[in-house]
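Okay, here's what each chain looks like letter by letter:
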Amino acid sequence: VHTEGINIVLALDLSESMAALDFKNKGRVVNRLEAVKGVIQDFIAGRSGDRIGLVVFGTHAYTQLPLTRDYNTLVSVLDRLEIGAAGKSTAIGDAIGIALKRLTDIESESNVIILLTDGQSNAGELSPDTAGEIAVEKKVKIHTIGVGTRGKAPFLIRDPLFGERYVYQRVNIDEDTLKAIAQKTGGLYFRAED
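Conventions adopted
- Residues numbered from 1 in each chain as written.
- Predicted model: local features only at pLDDT ≥ 70, side-chain atom pairs only at ≥ 80, totals over all residues.
- Heavy atoms only, no water.
- Core = buried A, V, L, I, M, F, W, Y, C linked by side-chain atoms within 4.5 Å.
- Buried < 20%, exposed > 50% of the residue type's maximum accessible area, 1.4 Å probe, protein only.
- Helix = DSSP H or I, 4+ residues; strand = E, 2+ residues; numbered from the N terminus.
- Contact = heavy atoms within 4.5 Å.
- Salt bridge = Lys/Arg side-chain N within 4 Å of Asp/Glu carboxyl O.

Caption draft 1: Representation of the nonpolar core in the model. Counting 26 residues, the largest nonpolar core has Leu12, Ile40 and Leu54 as the members making the most contacts within it. Of all elements in the fold, only strand E1 (7-13), helix H1 (32-45), strand E4 (51-57), helix H2 (71-79), strand E6 (111-117) and strand E7 (141-147) reach the threshold of two or more residues within this core. Among the elements that line this core, the one with the most residues is H1, at five residues. Ignoring any residue separated from it by four or fewer positions in sequence, one finds Leu54 in contact with Leu10, Leu12, Tyr62, Thr63, Gln64, Leu65, Leu74, Val77 and Leu81.

Caption draft 2: Examining the pattern of salt bridges more closely. All told, the structure shown has eight salt bridges when counted by the stated rule. The salt bridge partner of Arg32 is Asp118, with a shortest N-O separation of 2.7 Å. Remark: Asp118 occurs in the loop between E6 and helix H4 (128-137) and Arg32 occurs in helix H1; sequence separation between them is 86 residues. Judged by its relative accessible area of 0%, Arg32 is buried. As a salt-bridge pair, Glu175 and Arg191 come within 3.2 Å of each other at their nearest N and O atoms. Of this pair, Glu175 sits in helix H5 (residues 175-185) while Arg191 is found in strand E10 (residues 189-192), placing the two residues 16 residues apart along the sequence. Given a relative accessible area of 16%, Glu175 falls into the buried group. Via salt bridges that share partners, Asp22, Arg32 and Asp118 belong to a single interconnected network.

So, in C-alpha coordinates, the structure goes:
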(Lines give C-alpha, C1' and ligand atoms only; values in the text may rest on other atoms or scores of the structure.)
Protein backbone atom coordinates (compact mmCIF):
# COMPACT_ATOMS: atom_id res chain seq x y z
CA VAL A 1 0.00 0.00 0.00
CA HIS A 2 1.56 3.29 -1.11
CA THR A 3 0.50 6.59 0.34
CA GLU A 4 0.50 9.87 -1.54
CA GLY A 5 3.33 12.30 -1.06
CA ILE A 6 6.89 11.49 -0.12
CA ASN A 7 8.64 11.14 3.20
CA ILE A 8 11.38 13.69 3.83
CA VAL A 9 13.61 13.81 6.88
CA LEU A 10 15.61 16.98 7.41
CA ALA A 11 18.82 16.19 9.31
CA LEU A 12 20.12 19.45 10.76
CA ASP A 13 23.55 20.04 12.31
CA LEU A 14 23.40 21.93 15.63
CA SER A 15 27.12 21.62 16.46
CA GLU A 16 29.04 24.64 17.78
CA SER A 17 30.51 25.47 14.38
CA MET A 18 27.00 26.47 13.23
CA ALA A 19 27.57 29.65 15.29
CA ALA A 20 29.94 31.03 12.63
CA LEU A 21 28.75 34.46 11.53
CA ASP A 22 29.36 34.16 7.80
CA PHE A 23 25.87 34.75 6.38
CA LYS A 24 23.72 37.81 5.83
CA ASN A 25 19.94 37.96 5.92
CA LYS A 26 18.36 41.23 4.75
CA GLY A 27 21.63 43.07 5.38
CA ARG A 28 22.02 41.68 8.91
CA VAL A 29 24.87 39.29 9.81
CA VAL A 30 23.47 35.97 11.07
CA ASN A 31 24.95 32.66 12.13
CA ARG A 32 24.73 29.57 9.98
CA LEU A 33 21.83 28.07 11.91
CA GLU A 34 19.69 31.20 11.50
CA ALA A 35 20.46 31.27 7.77
CA VAL A 36 19.56 27.60 7.39
CA LYS A 37 16.32 28.01 9.37
CA GLY A 38 15.10 30.58 6.86
CA VAL A 39 15.87 28.35 3.90
CA ILE A 40 14.17 25.36 5.56
CA GLN A 41 11.07 27.44 6.31
CA ASP A 42 10.87 28.43 2.64
CA PHE A 43 11.30 24.77 1.65
CA ILE A 44 8.49 23.68 4.01
CA ALA A 45 6.20 26.42 2.68
CA GLY A 46 6.66 24.99 -0.81
CA ARG A 47 5.63 21.43 0.16
CA SER A 48 2.13 20.00 -0.02
CA GLY A 49 1.07 16.51 1.03
CA ASP A 50 4.57 15.32 1.93
CA ARG A 51 5.44 14.08 5.40
CA ILE A 52 8.44 15.88 6.84
CA GLY A 53 10.41 14.87 9.92
CA LEU A 54 13.27 16.59 11.71
CA VAL A 55 16.42 14.97 13.07
CA VAL A 56 19.01 17.14 14.82
CA PHE A 57 22.58 16.25 15.53
CA GLY A 58 25.80 17.36 17.12
CA THR A 59 27.76 14.90 19.25
CA HIS A 60 24.51 12.91 19.42
CA ALA A 61 21.64 12.55 16.96
CA TYR A 62 17.98 12.36 17.85
CA THR A 63 14.51 12.80 16.45
CA GLN A 64 13.24 16.31 17.09
CA LEU A 65 9.94 15.67 15.29
CA PRO A 66 8.68 12.46 13.65
CA LEU A 67 7.22 12.47 10.14
CA THR A 68 4.25 14.84 10.01
CA ARG A 69 2.13 16.91 7.66
CA ASP A 70 1.65 19.50 10.39
CA TYR A 71 3.96 22.08 8.84
CA ASN A 72 3.04 24.78 11.39
CA THR A 73 4.33 22.59 14.24
CA LEU A 74 7.43 21.77 12.21
CA VAL A 75 8.21 25.48 11.70
CA SER A 76 7.53 26.17 15.39
CA VAL A 77 9.94 23.42 16.48
CA LEU A 78 12.52 24.63 13.97
CA ASP A 79 12.33 28.18 15.38
CA ARG A 80 13.24 26.93 18.86
CA LEU A 81 16.36 24.97 17.87
CA GLU A 82 19.60 26.17 19.44
CA ILE A 83 23.25 25.65 18.61
CA GLY A 84 24.88 23.08 20.86
CA ALA A 85 21.57 21.44 21.89
CA ALA A 86 22.82 18.06 20.65
CA GLY A 87 26.45 18.52 21.69
CA LYS A 88 29.53 20.29 20.35
CA SER A 89 30.77 17.73 17.79
CA THR A 90 29.36 16.41 14.50
CA ALA A 91 27.93 12.88 14.16
CA ILE A 92 26.89 12.73 10.51
CA GLY A 93 26.61 8.92 10.34
CA ASP A 94 24.39 8.75 13.44
CA ALA A 95 22.17 11.51 12.01
CA ILE A 96 21.66 9.50 8.82
CA GLY A 97 20.99 6.36 10.89
CA ILE A 98 18.28 8.06 12.96
CA ALA A 99 16.76 9.61 9.82
CA LEU A 100 16.62 6.15 8.20
CA LYS A 101 14.76 4.82 11.24
CA ARG A 102 12.20 7.63 10.93
CA LEU A 103 11.64 6.81 7.27
CA THR A 104 10.67 3.22 8.10
CA ASP A 105 7.87 4.50 10.37
CA ILE A 106 5.47 5.24 7.50
CA GLU A 107 5.53 3.59 4.08
CA SER A 108 5.81 5.89 1.10
CA GLU A 109 6.55 5.82 -2.63
CA SER A 110 9.75 7.76 -2.06
CA ASN A 111 11.99 8.42 0.94
CA VAL A 112 14.47 11.29 1.03
CA ILE A 113 16.95 12.65 3.58
CA ILE A 114 18.20 16.20 3.33
CA LEU A 115 21.38 16.50 5.39
CA LEU A 116 22.56 20.01 6.29
CA THR A 117 25.95 20.30 7.96
CA ASP A 118 28.91 22.63 8.17
CA GLY A 119 31.50 20.24 9.46
CA GLN A 120 33.31 16.98 9.39
CA SER A 121 32.04 13.86 11.10
CA ASN A 122 34.04 13.60 14.33
CA ALA A 123 31.61 11.84 16.66
CA GLY A 124 29.06 9.05 16.78
CA GLU A 125 29.06 5.31 16.42
CA LEU A 126 28.04 4.97 12.77
CA SER A 127 30.44 6.21 10.09
CA PRO A 128 28.97 8.37 7.31
CA ASP A 129 30.14 5.80 4.74
CA THR A 130 28.37 2.91 6.50
CA ALA A 131 25.22 5.02 6.95
CA GLY A 132 25.30 5.79 3.22
CA GLU A 133 25.55 2.07 2.40
CA ILE A 134 22.50 1.36 4.59
CA ALA A 135 20.60 4.14 2.78
CA VAL A 136 21.46 2.51 -0.56
CA GLU A 137 20.11 -0.84 0.71
CA LYS A 138 16.90 0.84 1.84
CA LYS A 139 16.62 2.81 -1.44
CA VAL A 140 16.74 6.16 0.35
CA LYS A 141 18.08 9.14 -1.56
CA ILE A 142 20.25 11.56 0.44
CA HIS A 143 20.76 15.15 -0.67
CA THR A 144 23.66 16.74 1.22
CA ILE A 145 24.22 20.44 1.79
CA GLY A 146 27.51 21.86 3.01
CA VAL A 147 26.80 25.13 4.82
CA GLY A 148 29.33 27.93 5.23
CA THR A 149 32.24 29.80 3.73
CA ARG A 150 35.73 28.45 3.17
CA GLY A 151 38.81 29.26 5.24
CA LYS A 152 38.24 31.26 8.42
CA ALA A 153 34.90 32.47 9.74
CA PRO A 154 34.03 34.95 12.52
CA PHE A 155 32.55 33.72 15.81
CA LEU A 156 31.16 35.94 18.58
CA ILE A 157 32.82 35.09 21.91
CA ARG A 158 31.36 36.26 25.21
CA ASP A 159 34.31 36.57 27.57
CA PRO A 160 33.65 37.42 31.26
CA LEU A 161 36.79 39.63 31.40
CA PHE A 162 36.89 41.20 27.94
CA GLY A 163 33.20 41.18 27.04
CA GLU A 164 31.98 40.37 23.57
CA ARG A 165 34.53 40.06 20.79
CA TYR A 166 34.92 38.40 17.43
CA VAL A 167 37.51 35.71 16.77
CA TYR A 168 38.25 34.07 13.44
CA GLN A 169 38.52 30.29 13.40
CA ARG A 170 39.29 27.87 10.58
CA VAL A 171 36.19 26.04 9.36
CA ASN A 172 36.26 22.81 7.38
CA ILE A 173 33.51 21.01 5.55
CA ASP A 174 34.21 17.45 4.50
CA GLU A 175 32.87 17.97 0.99
CA ASP A 176 34.33 14.70 -0.27
CA THR A 177 32.26 12.69 2.22
CA LEU A 178 29.11 14.73 1.55
CA LYS A 179 29.53 14.32 -2.21
CA ALA A 180 30.16 10.56 -1.83
CA ILE A 181 27.03 10.07 0.30
CA ALA A 182 24.90 11.97 -2.21
CA GLN A 183 26.37 10.20 -5.22
CA LYS A 184 26.05 6.66 -3.88
CA THR A 185 22.41 7.20 -2.85
CA GLY A 186 21.37 8.97 -6.06
CA GLY A 187 21.13 12.37 -4.38
CA LEU A 188 22.78 15.70 -5.05
CA TYR A 189 25.38 17.73 -3.19
CA PHE A 190 25.04 21.49 -2.77
CA ARG A 191 27.38 24.05 -1.27
CA ALA A 192 25.59 26.93 0.46
CA GLU A 193 27.87 29.92 0.96
CA ASP A 194 25.21 32.64 0.81
